[in-house]
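This is what each chain is made of:
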Amino acid sequence: MHMLVAAVLAAAVTACASIGRPEGGPRDEEPPKFVHSSPRPGQLKVDGNKITVVFDENIQLDDAFNKVVVSPVQIQQPAISSNAKTVTVELRDTLLPNTTYSIDFADGIKDLNEGNILDGFAIDFATGDTIDTLRISGIVLEARTLEPAQGMLVGVHSNLEDSALTTEVFDRIARTNQYGQFTIRNLKAGTYRVYALKDMNRDFKWDRSEDVAFYDYTVSPTVENIEVCDTFLRADGTDSLVTHGGIKYLPNDVLLTWFNEGYSPQYMKNYSRPERRKIAITFAAESDTLPEITIADGPHSGRPIDDWAVAEVSQTRDSLIYWIRDTAVVSTDSLRLSIKYLKTDTADRLSWQTDTLRFFFRDPKQSKKEKKKKEEEEADTVVTDGFGVPQPKDFLNFTVGGGAVEVYAPLVFQSDQPIDSIAPGAVKLEMMVDTLWTPVKIGGLRPDSLQPLLNRELAVDWTPGSKYRVSVDSATVFGIYGVWNKPIEQEFTVKSLDEYSNLVFNVTGVEPDSSGVMPKIYVELLSGDDKVQRVAPVVDGRAEFRFLAPSVYYARLYIDANGNGRWDTGNIALKLQPEEVYYYSKKLQLKKNWDIEQSWDINELAIDAQKPLAIKKNKPKPKKGERLNKEDEEEEYDEFGNPIDGNNSFDRYDPSNINNRRPTNQSRPGLRNNGFGATR
């Protein structure tokens, strides 16, 4: 007999489970229970489009528009509502003949009073004489951060061609629950491709700008007969162990890691003249080509921008700032420019386009009082030094960073306008030795990697804990507008070694690629909000982080498959998965003057068990009365950052099976086999 309700099980079907008794008061902790429905679950030859489901208590629907899915895909959105104990679904598409329908509520149903979630509830029926019963289950995680993907669409195609993802709607669909888990139900026997999709336009197809995941291999769902142990409570209060037959639906461990290709059509996003001397242009996507810009009219017509401005270009060339250095162009209030740039056309190809744009700037109006004050200030300005040398009314604002200097960091100098030149020997450095300032031999200033026009760096092999003095002579640093710096003299101290902690990871579990070559590996040290603080390569199995500030850290590792020194996303057309990511499962509490060495087997825990709960952003919503905040999360760890339960997982999982892997043709660890996708 077909099961009345298909639901996700919280415990492994291969292990005997003990059902606990309620303690500590009468608070309801049970989700709503299915009572009956029309049509009945598994009913055949259904011809009506209205489905009602009744539960044992008053319920509420949570975000039914996004969580409840109907398979096959419905072009017209079904009408879904709830009233007291009843949920009603009205299908607006015409029912297809000889077809199995399933309505999957994911985690969208909960009781009205306590908010207990009925996770994985679904109901099915057929319009023909038979009903399809096979399933595919798994989990969807974000590739870069291993965050559970909540509410993501997962679907299958029986058309195995790559084009099906962009040209056809899915055969059958499901949505991930708050743990990122999914079950695609009521499949026919056959072979499928499995995808996950953030379907922004709700067309059940993939557009290049949408988040997507794909499984490397085709899947043929099957069933397996198993024995299940249950513990029941007798009337006399003793436990009774009952063993009976059950069914496990396979595969139930499909791991999908979603990514975004980062595609955006190229076009000019905005342009402005925020200051009289600056022009800003922003494009919608990265580019390897700069635009061609000329003055469109007036006495300077035809002059290319390189003749009268200096470009400050972002690393991805999508954000441009031009500093106008020609005073005649600066004084022009209305500047019309001809800009030739690459733009994505209707055929999704880059082609050249030319626009004529007006950049307008007018100085803000001043009151008579403000004008008089400015004139008095200018009259009082000394324009010559003691030798009669003219001095600028304005100076280049050239400063050096203050405070304690990190032992590994360069000394940074900042300017408020692009630097034109720096005189040789302008910067001098001295170190305090036995109460005397002793000169330190240094090299020249180098451009900063992020703002090479404005900032300069001085790389020094610092002596930890020592006191230094830096000085810059007056009129040795010149800006592009003909002004120069005032003299600088500043003292600072380099931090001592006992203010730092050192950390070493001994990494194991990484396998050679198909040609037998070990890939490059990088470890990223993370803050408590999952942001990268430092990066270190793995060399001979070791990743070393020296001179770390005492703090709480976490760690993430990625396999640099293409060897370009950075993490890369996937590509659907090239069938490239995003580069593999692993998390160190423990918190690292580093203190001053500590040296810590940690072993890290990247396969010790399954992928979905690795990321520490404390830095997960997509956490399950707590029930009413429960706490799920940082204080609670920190209680998972002892004072050395070790997980107290050794698991770092929600209690819905069976920790005894956390080392299960993806199918043998996969290279990375997979999901914990917790019985997901099985039934009794």
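Residues numbered from 1 in each chain as written. Predicted model: local features only at pLDDT ≥ 70, side-chain atom pairs only at ≥ 80, totals over all residues. Heavy atoms only, no water.

*Asks:* Is there a simple way to explain the overall build of the chain in this structure?
*Replies:* Within the chain, the secondary structure is distributed over five helices and 45 strands. The burial tally for the chain puts 45% of its 680 residues in the buried class. (Helix = DSSP H or I, 4+ residues; strand = E, 2+ residues; numbered from the N terminus. Buried < 20%, exposed > 50% of the residue type's maximum accessible area, 1.4 Å probe, protein only.)

*Asks:* Is there a simple way to explain the packing of aromatic side chains in this structure?
*Replies:* Applying the stated criterion to the full structure yields 18 aromatic pairs. When the centroid spacing of 6.4 Å and the interplanar angle of 35 degrees are considered together, the rings of Phe 170 and Tyr 195 count as tilted. One end of the pair, Phe 170, is in the loop between α2 (164–167) and β13 (172–175); the other, Tyr 195, is in strand β15 (residues 193–197), with 25 residues separating them in the sequence. Assigned by exposure class, Phe 170 and Tyr 195 land together as buried. Within the aromatic cluster, the residues linked to one another by ring pairs are Phe 34, Phe 55, Phe 105 and Phe 121. One Lys or Arg, Arg 135, reaches over the ring of Tyr 249 and ends 4.2 Å from the middle of that ring. Just above the ring of Tyr 263 sits the side chain of Arg 208; from NZ or CZ to the centre is 3.9 Å. (Phe/Tyr/Trp six-rings, centres within 6.5 Å; stacked < 30°, edge-to-face > 60°. Lys NZ or Arg CZ within 6 Å of the ring centre and 35° of its normal.)

*Asks:* What is the right way to read the confidence of the model for the chain from this model?
*Replies:* In regions of low pLDDT, the predicted coordinates are not meant to be interpreted in detail. Summarising the model, the chain shows a mean pLDDT of 85, and 84% of its residues fall at 70 or more. This model gives residues 381–392 a pLDDT under 50, and the stretch forms 14 contacts once residues within four places in sequence are excluded. Every residue in residues 673–680 scores below 50 in pLDDT, and together they form 49 contacts with partners more than four places removed in sequence or on other chains. (pLDDT = per-residue confidence, 0-100. Contact = heavy atoms within 4.5 Å.)

*Asks:* What exactly am I supposed to notice about the pattern of salt bridges here?
*Replies:* Any two side chains of opposite charge can pair, so long as their charged atoms come close to each other. Applying the stated criterion to the full structure yields 27 salt bridges. Among the salt bridges present, the one from Arg 276 reaches Asp 333, with a minimum N-O distance of 2.8 Å. With Arg 276 in the loop between β20 (268–275) and β21 (278–283) and Asp 333 in the loop between α3 (327–330) and β25 (334–344), the pair connects residues that are 57 residues apart, well separated along the chain. Exposure remark for Asp 333: the relative accessible area of 29% places this residue in the partly exposed category. Between Arg 542 and Glu 597 there is a salt bridge, with the nearest N and O atoms lying 3.2 Å from each other. Placement of the pair is Arg 542 in strand β40 (residues 542–548) and Glu 597 in strand β44 (residues 594–601), with a sequence separation of 55 residues. In this structure Arg 542 comes out as partly exposed when scored by relative accessible area, which is 29%. It is possible to trace a salt-bridge network through shared partners that takes in Asp 62, Lys 67 and Asp 107. (Salt bridge = Lys/Arg side-chain N within 4 Å of Asp/Glu carboxyl O.)

*Asks:* Mind showing me how you'd approach the side chain of Ser 471 here?
*Replies:* Its location among the elements puts Ser 471 in strand β34 (residues 467–472). For Ser 471, the contacting residues outside a window of four places in its chain are Ala 426, Val 427, Lys 428, Ile 488 and Glu 489.

*Asks:* Can you walk me through unusual backbone geometry in this structure?
*Replies:* As a rule of thumb, non-glycine residues mostly have phi less than zero, and peptide bonds are mostly trans rather than cis. Going from Ser 71 to Pro 72, the amide bond is cis rather than trans, its omega being 0 degrees. Tracing the chain through its elements places Pro 72 in the loop between β4 (69–71) and β5 (79–83). Located in the positive-phi region is Asn 98, a residue other than glycine, with phi close to 50 degrees. With respect to the element layout, Asn 98 can be found in the loop between β6 (86–90) and β7 (100–104).

*Asks:* Help me out: how do you make sense of the sheet that holds strand β11 (residues 134–142) in this one?
*Replies:* Taken in spatial order, the three strands make up an open sheet running β14-β11-β19, and their pairing is mixed. Among the strands making up the open sheet, the edge pair consists of β14 (181–187) and β19 (254–258). With direction set aside, neighbouring strand axes in the sheet form an average angle of 30 degrees. Strand direction decides the pairing type here: β11 and β14, joined by five bridges, are antiparallel. Paired with Ile 136 across the strands is Ile 184, a residue of β14. (Pairing = 2+ DSSP bridges. Axes fitted to C-alpha atoms, helices over the stretch in contact; angles between N-to-C directions.)

*Asks:* I'm lost on the nonpolar core in this one. Help?
*Replies:* Proteins that are soluble and globular tend to have nonpolar side chains buried together. Formed by 38 residues in total, the largest nonpolar core has its most connected members in Leu 503, Phe 505, Val 507, Val 523, Leu 557 and Trp 600. Elements supplying a minimum of two residues to this core: β11, β37 (501–508), β38 (520–526), β40, β41 (551–560), β42 (581–583), β43 (588–590) and β44. Here this core takes six residues from β41, the largest share from any one element. Counting 24 residues, the second-largest nonpolar core is a separate cluster that includes Leu 411, Leu 458, Trp 462 and Val 483. (Core = buried A, V, L, I, M, F, W, Y, C linked by side-chain atoms within 4.5 Å.)

*Asks:* I would appreciate a short explanation of the pairing of strand β39 (residues 532–537) in the present structure.
*Replies:* Look at any regular strand and the pattern is simple: side chains alternate between the two faces of the sheet. Relative to β39, β38 runs antiparallel, the two being bridged by five bridges. Across the sheet, the residue bridging to Leu 526 is Val 532, located in β39. Here β38 hands over to β39 after five residues, with Asp 530 in that stretch at a positive phi of 70 degrees.

*Asks:* Is there a simple way to explain the environment of Asp 62 in this structure?
*Replies:* When you line up the elements, Asp 62 lands in the loop between β3 (59–61) and α1 (64–67). With 43 residues separating them along the chain, Asp 62 and Phe 105 place their C-alpha atoms 9.6 Å apart. Non-local contacts of Asp 62, meaning those with residues more than four positions away in its chain, are made with Lys 67, Gly 108, Lys 110 and Lys 621. Side-chain polar atoms of Asp 62 contact the side chain of Lys 67, separated by 3.0 Å. (Polar contact = N/O pair within 3.5 Å; in protein donor to acceptor, adjacent residues only side chain to side chain.)

*Asks:* Explain the sheet that holds β20 here, please?
*Replies:* Strand pairing within a sheet occurs via backbone hydrogen bonds; the two strands may be parallel or antiparallel. With respect to topology, four strands assemble into an open sheet ordered β20-β21-β24-β23, the strand pairing being antiparallel. The open sheet terminates on both sides in strands that have one partner only, identified here as β20 and β23 (309–313). Taking the axes of each pair of neighbouring strands and ignoring which way they run, one obtains an average angle of 20 degrees across the sheet. In terms of strand pairing, β21 meets strand β24 (residues 319–324) through five bridges, oriented antiparallel. Note on β24: the bridge partner recorded for Lys 278 is Trp 323.

*Asks:* How should the environment of Asp 540 be read in this particular structure?
*Replies:* Relative to the elements of secondary structure, Asp 540 occurs in the loop between β39 and β40. Judged by relative accessible area, Asp 540 falls into the exposed class, the value being 77%. Between the alpha carbons of Asp 540 and Asn 506 there is a distance of 8.9 Å; along the sequence they are 34 residues apart.

*Asks:* Sorry if this is basic, but what is going on with the environment of Lys 619 here?
*Replies:* By secondary structure assignment, the location of Lys 619 is in the loop between β44 and α5 (630–634). For Lys 619 and Gln 150, which are 469 residues apart along the polypeptide, the C-alpha to C-alpha distance reads 9.2 Å. Polar contacts involving the side chain of Lys 619 include one to the main-chain carbonyl oxygen of Leu 613, which spans 3.4 Å.

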